[in-house]
Each structure stands twice: as structure tokens, then as C-alpha cells.
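Each chain, letter by letter, is given below.
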Amino acid sequence: MNDLHAAFAAPAREALPRLTPAERRLVEAELQEMASRGPGTGRILDGLREVAARVPERLYADSAEVLLRMHEIAGSGNLQSNLSSLALVRACFAHGLVDDGGAGADGAGEGPAELVVGRGHTAPAFYAEHYVRGTLPFAPLATLHQGGLTGVVHRDLGFRTTMRYSLGVGVAQAVSLAWELARGGSDRKVVCLAGDGELHEGAAFEALRFAHDAGLTNLLLVVDANGKGIEPLAKPLNTGYLAAYLGTLAEVDGCDDGAVETALGELLARPGPAALVCRTRKGDHSFKPAGAAPPAPGRPVSFASTAGRMLGAHRERTGRELAVFTPDMAARFGLGGHVPYTNTGLAETLTVGMTLSLPDHVTKVVATDAMYYMDSLSMLTEATTSVRNLLVLAGRSWGAWGGAHNATNLLGLLLHTRVYEPVTAAEFQACLDRLARDPATAHVVSMIDAAFEPPARDCSADIDGGVWLTPPGDGPDAADATVVTFGYAGVLVEAANRDVGLPHLHCAALTPRLDPAALDVLTRSRRILSVEYNGAGSGFGERLRARHLLPVEVHAVRRDIATRVHRNQLPLHGMSPGALRERLARLLENREGSGHAPAYA
């Protein structure tokens with residue numbers, strides 16, 4: 001069942017101030033239509049098609065213009081990636097590869113071939129083309145990244161597969177489908193839309209090698225070759241290996257709609273595997289609205305983006321040699337101009353692998369995404385058991401996709417690994433100093449990709465312990481209720497706790513080693529609330545509860561992080577200062593009750 005009004009009304013109304021008068025009028029009409037139809041029983045895309053048919057007014061006839069408006073309304077996104085692939089997307093529509101309403105629940109259509117979109121961030125280009133063709137209303141477009149419309153491919157919105165965390169998995173998904181069709185005796189083709197950046201991933205090489213060795217004749221790889229991932233690629237796409245594995249290779253100007261459509265049609269019609277390389281252009285990776293003012297002096301910046309400066313300061317202070325590797329994430333960590341680094345170009349497994357044979361005394365830094373390293377878990381296990389002085393920076397831990405769920409709960413289970421989430425420069429430096437003292441243990445540092453004012457105090461004096469941001473009083477009942485936080489949650493709780501005044505213990509370590517005085521306060525507490533912005537299962541609060549047998553209640557992200565911008569993540573999971581203030585106040589209720597508190601409340 002789908003309820004379009006419930007899914008899109010709130011984010012669409014939030015976007016109304018950013019819309020033109022004509023867009024506001026149209027969105028209001030579409031929302032009224034959604035409300036009148038009530039919950040449906042089919043797919044979301046089918047319901048949206050019905051709304052588009054009943055409110056047929058089109059404000060824009062060019063999908064490039066629609067894409068720009070979507071990004072202007074959202075204020076963020078990957079506009080240039082979508083424009084780079086737009087001619088390819090239009091060609092897929094022209095040849096009937098896109099779900100046109102006759103698809104089954106699994107996304108398999110009646111067109112000439114199956115389409116797997118590995119270049120998952122180009123989902124908005126498909127939405128924009130759906131809109132100009134009259135099969136999608138405008139209201140969901142206004143909710144991109146705001147909790148209504150996901151910015152990456154998803155089955156519910158007309159794609160055959162769902163993108164979760166890895167770009168290169170699209171090629172593997174296409175090969176899997178092609179192999180299954182061939183195994184069943186079908187000659188139906190599978191078209192995979194990929195990018196030259198994602199072809200750097202080991203999974204893509206492995207998939208194409210398997211397709212060749214298995215003799216698959218029904219795979220058509222379409223590559224958006226724009227010479228960029230987030231940063232420019234070191235060299236242009238090497239088409240030789242594509243020709244070797246797939247036999248037929250054609251190249252075309254990927255900015256020419258007609259040329260792309262013609263070339264794709266010819267390869268669909270001819271037998272055998274093939275690759276179509278579309279030479280395109282791509283501007284800056286992240287969208288910035290025209291005329292946007294630069295950040296005001298003194299305004300907080302993303303903590304993750306200060307990593308380069310902090311690494312440079314560490315090298316200057318200690319004289320230690322650093323070897324920094326990143327899979328196209330240098331901008332996220334602010335590496336440029338602060339430390340030399342090697343961009344491995346979205347090759348996550350190789351990024352870790354590059355550390356394996358370096359001298360012991362070198363500090364090896366892997367600056368990656370909090371999701372991307374999931375591609376390289378086997379290599380990470382190898383590294384954590386054999387590499388000395390290994391520092392893994394796990395970025396984007398504010399709640400998009402995997403986020404700190406993985407940085408804490410997953411990596412914290414690897415052998416010889418300790419996980420930290422610093423929120424001050426001093427805590428970050430303390431993690432590096434600890435690594436120097438304990439080089440046999442890999443240190444995973446979850447880097448928050450959000451801007452915030454650091455707390456007044458931190459754990460830098462004892463990175464494995466805790467510090468009272470709000471100290472307990474002296475009376476016997478002063479610590480009747482306490483709150484303990486891990487990493488970024490400490491920043492959020494400190495803001496919420498100013499009017500409540502609960503004793504607040506902040507920790508930077510996933511598995512803290514609390515001193516006897518802190519444990520004494522917690523042991524005397526009747527209720528203890530653990531707040532963590534990185535998942536409860538096997539997380540911070542559960543470890544406190546199990547290790548010290550404390551009556552810990554866990555307030556954490558309960559389900560998989562939704563694809564929403566940070567300001568919408570916080571209230572969604574009860575982590576906004578207002579929601580946390582109410583939660584802390586409830587901790588003081590029923591002071592005269594007895595017994596242990598529930599594990600989750």
C-alpha cells in the first residue's frame with residue numbers, strides 16, 4: 001500500500017517558500033489530488049502517474065531545466081552528474097528501456113531490454129524526464145533530498161534495483177541479471193548505465209571478467225565517460241579492456257541526444273555483448289545555487305572537512321611521516337593544501353590495500369566514506385590484523401545512508417580495532433597520539449560531516465574515558481538521573497540540556513574505559529539515558545549496559561537512516577535539541593519509582 005499524500009505532503013509544503021507562484025499553485029493542486037485519492041494498493045510510481053494524468057499541467061518542457069529547478073529547490077545535490085548523463089537517460093526513454101507503466105512489481109518491463117542503472121545518483125535525471133513526458137507530477141520533484149523523493153535509484157520509483165551504498169555494484173547487478181536470463185534460455189539483453197568513475201571499483205572489474213568468462217552475449221554496458229568522479233580522474237577511461245571483455249565497442253559524443261539514441265539503438269539491435277562509451281562533460285560535483293554567498297567568517301564548517309588541517313598540524317607537531325589514501329574523498333576531508341594524498345579513484349578495496357606493505361613507522365591514513373569501506377571489509381580485516389599505524393577516517397557520519405551505524409557497530413567488531421567519534425580538534429589529535437602509542441591497533445575515527453560548535457570541554461586528556469559536560473552535584477540524589485553520550489550526540493545533548501541540567505557524561509570512544517569516580521556516579525543513578533546518533537544494535541549504550549550492568553536506556557536511531565539532509569535527519573530520529581530536551585525532561589519524571597529502566601525508551 002502507498003499513501004502519496006502522507007509521503008510527499010509535508011516535504012512539499014516545506015518547499016513552498018522556495019517555489020515560484022506557478023509551481024506553488026501546481027503543487028497545491030497535486031497535493032489536493034493526492035489527498036482525495038487516499039492510500040493506494042499499488043506501487044508509488046503508479047500512484048504518481050495517476051496524479052500526473054489528473055493534473056496534466058506542465059510548467060517545463062526541458063528536463064535539463066527541470067533538473068536545475070529540483071536542485072535549486074533542494075539547495076543541494078549532484079546536478080552536474082545528472083546533466084552529464086541526461087542524453088543517455090533520454091535515449092533510454094526513447095528506446096523503451098524505462099518502465100512506462102506496464103512493469104511488474106519487480107520493475108521488469110516490456111521494452112526491448114532490461115535496464116540496470118548503476119550510476120545511481122542520476123535518478124533525478126529520470127524523474128525530470130518522466131515529468132516532461134507527463135508521467136510524473138511536480139510535487140515530488142520539489143521534495144528531492146527532503147524526505148519525499150530519494151536522490152538515488154529505488155525500486156519503488158521505477159528502477160529495477162535499489163542503490164544502497166556502492167556505486168560499482170550496478171555492474172555486478174547487471175551481470176547477475178544477464179547471467180540469470182541466459183541460464184534460463186533467454187536472449188533478452190541487459191543494459192547497464194555506468195560511469196567511468198565507478199568502473200574503477202574492483203567489483204566492476206570482477207563482474208566484467210566473469211561476464212567474459214561465462215560467455216554472456218546479452219550484456220550492453222553504456223558508460224558516461226566524463227573524466228571525473230568527484231575529482232578529475234588521473235587518466236581517461238581505458239577502453240581497451242572493455243573491448244577485450246565485451247568484444248564490440250562504440251564511442252559517441254555523449255552530449256548529442258541524437259547520436260546517443262542512434263548508437264544505443266544499433267547496439268540493441270545487433271547480437272552479442274557490447275560497450276557504448278559516451279564522451280560527456282561534468283562540472284563541479286556538488287551543487288551550489290547561483291549567487292550563493294560564501295560562508296560567513298567564523299561560521300562553523302563541516303568537522304570532517306577540517307581533517308586535512310588537523311592531519312597537517314599533527315605532522316608538523318610530531319614530525320611523523322603520513323601516507324594518505326582516499327577513494328575520491330579529498331574534498332570531503334579538506335586534504336588539499338594540508339597534506340599530500342593519493343586519490344585511488346573510487347577503488348575502495350585498493351585504498352585499504354595500498355597500506356599493506358608500507359613501513360611500520362609510517363602512519364597510514366585511509367580517508368573514506370562511512371559506507372564505501374563496506375566494499376573492502378575483507379581487506380580491512382587483513383589490514384587490522386597486519387598493518388601498524390593504521391588510521392581509518394570514516395566520513396559522512398551524520399546520518400545519510402550507512403553513516404556512523406557502520407563506523408561504530410560494524411568496524412568496532414573487527415579484530416584489533418578501536419572506534420572513536422571526536423567532536424573537537426583536541427580529541428582528534430588525542431586519537432592520533434593514542435595510535436602512536438598503540439600502533440598494532442587500527443584506529444577508526446568517525447568524522448562528522450556536519451557543522452557545529454564544539455563543546456566547551458572534551459575527552460582529549462583521556463580519549464578512552466569520559467568528561468562531564470554538566471558535572472553531577474554533591475548531594476546523595478544529585479545523580480538520580482544521568483545522561484551519557486557518544487561522539488556527535490554529545491554536541492546535540494549539550495544544547496538540549498542547558499535548561500534541564502542533568503549530569504552529562506560525554507565519551508569519544510565507542511567502548512569507553514570509565515574511571516572509578518565516573519562509574520560510581522553512574523552506579524548510584526537510578527536512571528541512565530544513553531544518547532547516540534549511530535544505531536543501538538551492538539552500539540554504545542548496549543555496551544555500557546552489558547559491560548557495567550548499568551540500568552541504561554538507549555535513545556538512538558532505531559531503523560536504517562533515511563536519505564534525507566541533516567536538518568531533517570535530526571527531528572526524524574528524535575535528535576533535534578527540542579526533541580532531546582523533552583526526552584531529558586522525561587528522565588526526571590517518576591523519581592520515586594523503583595526498579596530498572598527499560599533498555600529502550
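Residues numbered from 1 in each chain as written. Predicted model: local features only at pLDDT ≥ 70, side-chain atom pairs only at ≥ 80, totals over all residues. Heavy atoms only, no water.

Participant: Quick question: what am I supposed to make of the overall build of the chain here?
Facilitator: Each helix and strand counted, the chain has 22 helices and 16 strands in total. Split into buried and exposed, the 601 residues of the chain put 57% on the buried side. Just so you have it, the chain exposes about 23300 Å², and 52% of that area is on carbon and sulfur atoms. (Helix = DSSP H or I, 4+ residues; strand = E, 2+ residues; numbered from the N terminus. Buried < 20%, exposed > 50% of the residue type's maximum accessible area, 1.4 Å probe, protein only. Areas by Shrake-Rupley, 256 points an atom, 1.4 Å probe, with all protein chains shown as cover.)

Participant: Explain the nonpolar core here, please?
Facilitator: Generally speaking, soluble globular proteins have nonpolar side chains that are buried together. By size, the foremost hydrophobic cluster in this structure holds 68 residues, and its most contacted members are Met70, Phe126, Tyr127, Phe138, Leu141 and Val222. Broken down by element, the residue count for this core peaks at seven residues, all from helix H6 (residues 86-94). Apart from the residues within four sequence positions on either side, phenylalanine 138 is in contact with Glu23, Leu26, Val27, Glu30, Tyr60, Ile73 and Tyr131. Judged by nonpolar contacts, the second largest core, of 52 residues, contains Phe333, Ala367, Leu391 and Val491. (Core = buried A, V, L, I, M, F, W, Y, C linked by side-chain atoms within 4.5 Å. Contact = heavy atoms within 4.5 Å.)

Participant: Just to check I follow, could you spell out the packing of H6 against helix H7 (residues 123-132) for this structure?
Facilitator: Angle between the axes and distance between the axes are the two parameters that describe a pair of packed helices. At their nearest, the axes of H6 and H7 sit 10 Å apart, and the two run at 50° to each other. One element, H6, and the other, H7, form an angle in the oblique class. As for how H6 packs across H7, the hand of that crossing is right-handed. Together, Leu86, Val89, Arg90 and Phe93 of H6 and Ala125, Phe126, Glu129 and His130 of H7 make up the contact between the two elements. (Axes fitted to C-alpha atoms, helices over the stretch in contact; angles between N-to-C directions. Parallel < 35°, antiparallel > 145°, perpendicular 65-115°, else oblique. Left-handed = near helix turned anticlockwise from the far one by under 90°.)

Participant: Please explain the sheet that holds strand E2 (residues 189-195) as it appears in this structure.
Facilitator: Pairing between the strands of a sheet comes from backbone hydrogen bonds, and it takes one of two forms, parallel or antiparallel. The sheet built from five strands is open, its strands ordered E1-E2-E3-E5-E4 with parallel pairing. Edge positions in the sheet fall to strand E1 (113-117) and strand E4 (248-253), since each has one partner strand and no second. Ignoring which end each strand starts from, the neighbouring axes of this sheet average 20° apart. Sheet topology places strand E3 (residues 219-225) next to strand E5 (residues 274-279); six bridges connect them, and they run parallel. (Pairing = 2+ DSSP bridges.)

Participant: What's the story with the confidence of the model for the chain in this structure? I'm lost.
Facilitator: Low pLDDT marks stretches whose predicted atomic positions should not be read closely. Residues at a pLDDT of 70 or more form 88% of the chain, whose mean pLDDT is 88. Below pLDDT 50 for its whole length, residues 102-108 participates in 11 contacts with residues either more than four positions away or in separate chains. Segment residues 398-404: pLDDT under 50, and 36 contacts once partners within four positions in sequence are set aside and those in other chains are kept. (pLDDT = per-residue confidence, 0-100.)

Participant: When you look at the packing of aromatic side chains in this model, what are you seeing that I'm missing?
Facilitator: Aromatic ring pairs: the centre-centre distance and the angle between the two ring planes describe each pair. Overall, the coordinates contain 11 aromatic pairs when judged by the stated rule. Each member of the aromatic cluster is reached from another via a ring pair, and the members are Phe93, Phe126, Tyr127 and Phe159. (Phe/Tyr/Trp six-rings, centres within 6.5 Å; stacked < 30°, edge-to-face > 60°.)

Participant: Explain the environment of valine 557 here, please?
Facilitator: Within the secondary structure layout, valine 557 lies in the loop between strand E16 (552-556) and helix H21 (566-572). When its relative accessible area of 3% is taken as the criterion, valine 557 is described as buried. Sequence separation between valine 557 and glycine 574 is 17 residues; the distance between their C-alpha atoms is 8.2 Å.

Participant: Which parts of the structure should I look at to understand the sheet that holds strand E10 (residues 417-420)?
Facilitator: The strand order across the open sheet formed by six strands is E7-E6-E8-E9-E11-E10, and the pairing between neighbours is parallel. In this open sheet, the two edge strands, each paired with only one partner strand, are strand E7 (342-343) and E10. With four bridges connecting them, E10 and strand E11 (residues 442-446) associate as parallel partners. Along E11, the bridge assignment pairs tyrosine 420 with valine 445.

Participant: When you look at the side chain of glutamate 427 in this model, what are you seeing that I'm missing?
Facilitator: Structurally, the position occupied by glutamate 427 is in helix H17 (residues 425-437). Reaching out from glutamate 427, the side chain makes a polar contact with the backbone nitrogen of valine 423 at a distance of 2.8 Å. In this structure the side chain of glutamate 427 is engaged in a polar contact, spanning 2.9 Å, whose partner is the backbone nitrogen of cysteine 459. (Polar contact = N/O pair within 3.5 Å; in protein donor to acceptor, adjacent residues only side chain to side chain.)

Participant: Just checking my understanding: could you explain helix H18 (residues 488-496) for this structure?
Facilitator: Because an α-helix packs 3.6 residues into every turn, residues spaced three or four apart end up facing the same way. Taking burial as the measure, the nine residues of H18 include eight buried ones, the bulk of the element. Considering only its buried residues, H18 is in contact with strand E12 (466-470), strand E13 (481-486), strand E14 (504-507), strand E15 (527-532), H21 and helix H22 (577-587).

Participant: Can you help me understand the pairing of E16 in this one?
Facilitator: Working note: regular strand, side chains alternate between the two faces of the sheet. Counting buried positions along E16 gives five out of five residues, so the element sits mostly inside the fold. Residues of E16 alternate between two faces, with Val552, Val554 and Ala556 on one and Glu553 and His555 on the opposite face, all of them buried. Where E15 meets E16, five bridges bridge the pair, whose relative direction is parallel. In the strand pairing of E16, glutamate 532 is matched with alanine 556.

Participant: Looking at this structure, how should I read the side chain of glutamine 429?
Facilitator: Note on placement: glutamine 429 falls in helix H17. For glutamine 429, a relative accessible area of 14% gives the class buried. From its side chain, glutamine 429 meets the backbone oxygen of methionine 310 in a polar contact 2.8 Å long.

Participant: Is there a simple way to think about the environment of proline 327 in this case?
Facilitator: Positionally, proline 327 belongs in the loop between strand E6 (322-326) and helix H13 (330-333). Residue proline 327 is classed as buried on the basis of its relative accessible area of 0%. Once the C-alpha coordinates of proline 327 and threonine 349 are considered, the two residues, 22 residues apart in sequence, prove to be 9.1 Å apart. What proline 327 contacts, discounting residues up to four positions off in sequence, is Asn343, Thr344, Gly345, Leu346, Ala347, Glu348, Thr351, Ala367 and Thr368.

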